[in-house]
Amino acid sequence: MKLINIFRRKERATPRISLSGKLEAIIGHYYLSGVGVNNIETLYYDPSASEYDSIIPSKANTVAYFLKNESMALVRKDMLDKLKAETKEYNIKYIPIKSFEEEFLNKALLESHLDCTQDIEWVDDDFMNDDTIEFDFDAFEIIDSGVTYLNPNHFSVEQLISVLNG
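Residues numbered from 1 in each chain as written. Predicted model: local features only at pLDDT ≥ 70, side-chain atom pairs only at ≥ 80, totals over all residues. Heavy atoms only, no water.

Visitor: So what's going on with helix H6 (residues 157–165)? Which residues, and what values?
Guide: Within the span of H6, buried status applies to Val 157, Leu 160, Ile 161, Val 163 and Leu 164. All buried residues of H6 project into a common sector of 165 degrees when viewed along the axis, lining one side. Elements that come into contact with the buried residues of H6 comprise strand S3 (62–67), strand S4 (72–76), strand S5 (93–97) and helix H4 (107–111). (Buried < 20%, exposed > 50% of the residue type's maximum accessible area, 1.4 Å probe, protein only. Helix = DSSP H or I, 4+ residues; strand = E, 2+ residues; numbered from the N terminus. Arc of directions from axis to C-beta. Contact = heavy atoms within 4.5 Å.)

In structure tokens:
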């Protein structure tokens, strides 16, 4: 009898449909877009779309980025409660984000959540905008080479996603 209860609990805890299937087909108004090099998926949401409308992948409709095989999501704060409620059976760790454009992230914060930091080129380019900081010729050479990089002191979610997908 106890063994049957264990199987029933596991059956209830395991989602029977993919995350994109649930969000797009069952709930609606969502579109979960592709997987990049680092398993990054972008979630779009449009509450004004009708049942059969396609959700337009745009900056305005972006509400979350799913990382690490959908085990973690960077979610706009205004969508956090809604998305948590609609995806509770998927065991996703949600990180609320006020803005995808603001440069509030830093390398130390990122390392506490993701293990992909070793794949990122880190260049402190603050000397480019601050006359009180000595010009860094080595950093400028990297920047001038066109390498995609992040500043370890500050970067946005959009910059992070761009670098990870690059």
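Visitor: Please set out the sheet that holds strand S2 (residues 41–45) residue by residue, giving values where relevant.
Guide: Read across the open sheet, the five strands follow the order S1-S2-S3-S4-S5; overall the sheet is mixed. At either margin of the open sheet sits one strand with a lone partner, and together these are strand S1 (30–33) and S5. With direction set aside, neighbouring strand axes in the sheet form an average angle of 20 degrees. Here four bridges tie S2 to S3, and the two strands are oriented antiparallel to one another. If you follow Leu 43 over to S3, its bridge partner there is Ala 64. Strands in contact with helix H2 (residues 19–27) are S1, S2 and S3; relative to S1, the strand with the most contacts, it is inclined by about 155 degrees. Set on the sheet, H6 makes contact with S3, S4 and S5; between it and S3 the angle comes to about 45 degrees. (Pairing = 2+ DSSP bridges. Axes fitted to C-alpha atoms, helices over the stretch in contact; angles between N-to-C directions.)

Visitor: Would you mind going over the nonpolar core in detail, with residue names and values included?
Guide: Membership of the largest hydrophobic core comes to 20 residues, with the highest contact counts inside it found for Leu 67, Leu 110, Ile 120, Leu 150, Phe 155, Val 157 and Leu 160. Among the secondary structure elements, those contributing two or more residues to this core are S3, S4, S5 and H6. If one sorts the elements of this core by residue count, H6 sits on top with five residues. Not counting residues up to four positions away in its chain, the partners in contact with Leu 160 are Leu 105, Leu 110, Ile 120, Leu 150 and Phe 155. If you look at the next biggest cluster of nonpolar residues, it comprises 17 residues, including Tyr 30, Phe 66, Ala 73 and Tyr 90. (Core = buried A, V, L, I, M, F, W, Y, C linked by side-chain atoms within 4.5 Å.)

Visitor: Describe a negative patch on the surface, naming the residues involved and giving the relevant values.
Guide: Together, Asp 124, Glu 134, Asp 136, Asp 138, Glu 141 and Asp 144 line one region of the surface with negative charge. Inspection of the secondary structure assignment puts Asp 136 in the loop between H4 and helix H5 (137–144). Since its relative accessible area comes to 31%, Asp 136 is described here as partly exposed. (Patch = residues over 30% accessible without salt bridge, like charges linked within 9 Å, V, L, I, M, F, W, Y side chains within 5 Å. Areas by Shrake-Rupley, 256 points an atom, 1.4 Å probe, with all protein chains shown as cover. Salt bridge = Lys/Arg side-chain N within 4 Å of Asp/Glu carboxyl O. Lys, Arg positive; Asp, Glu negative; His and termini not counted. Charge placed at Lys NZ, Arg CZ, Asp CG, Glu CD.)

Visitor: Now, about the packing of aromatic side chains: what can you tell me, with residues and values included?
Guide: As enumerated under the stated definition, the model contains seven aromatic pairs in all. Where Tyr 65 meets Phe 100, the ring centres are 5.1 Å apart and the plane angle is 70 degrees; that geometry is what we call edge-to-face. Residue Tyr 65 is found in strand S3, and its partner Phe 100 is found in the loop between S5 and H4; the two are separated by 35 residues along the sequence. Ring centres of Phe 135 and Phe 140 lie 5.4 Å apart, and the angle between their planes is 50 degrees; this geometry places the pair in the tilted category. An aromatic cluster is built from Phe 127, Phe 135, Phe 137 and Phe 140, whose rings are joined through pairwise contacts. (Phe/Tyr/Trp six-rings, centres within 6.5 Å; stacked < 30°, edge-to-face > 60°.)

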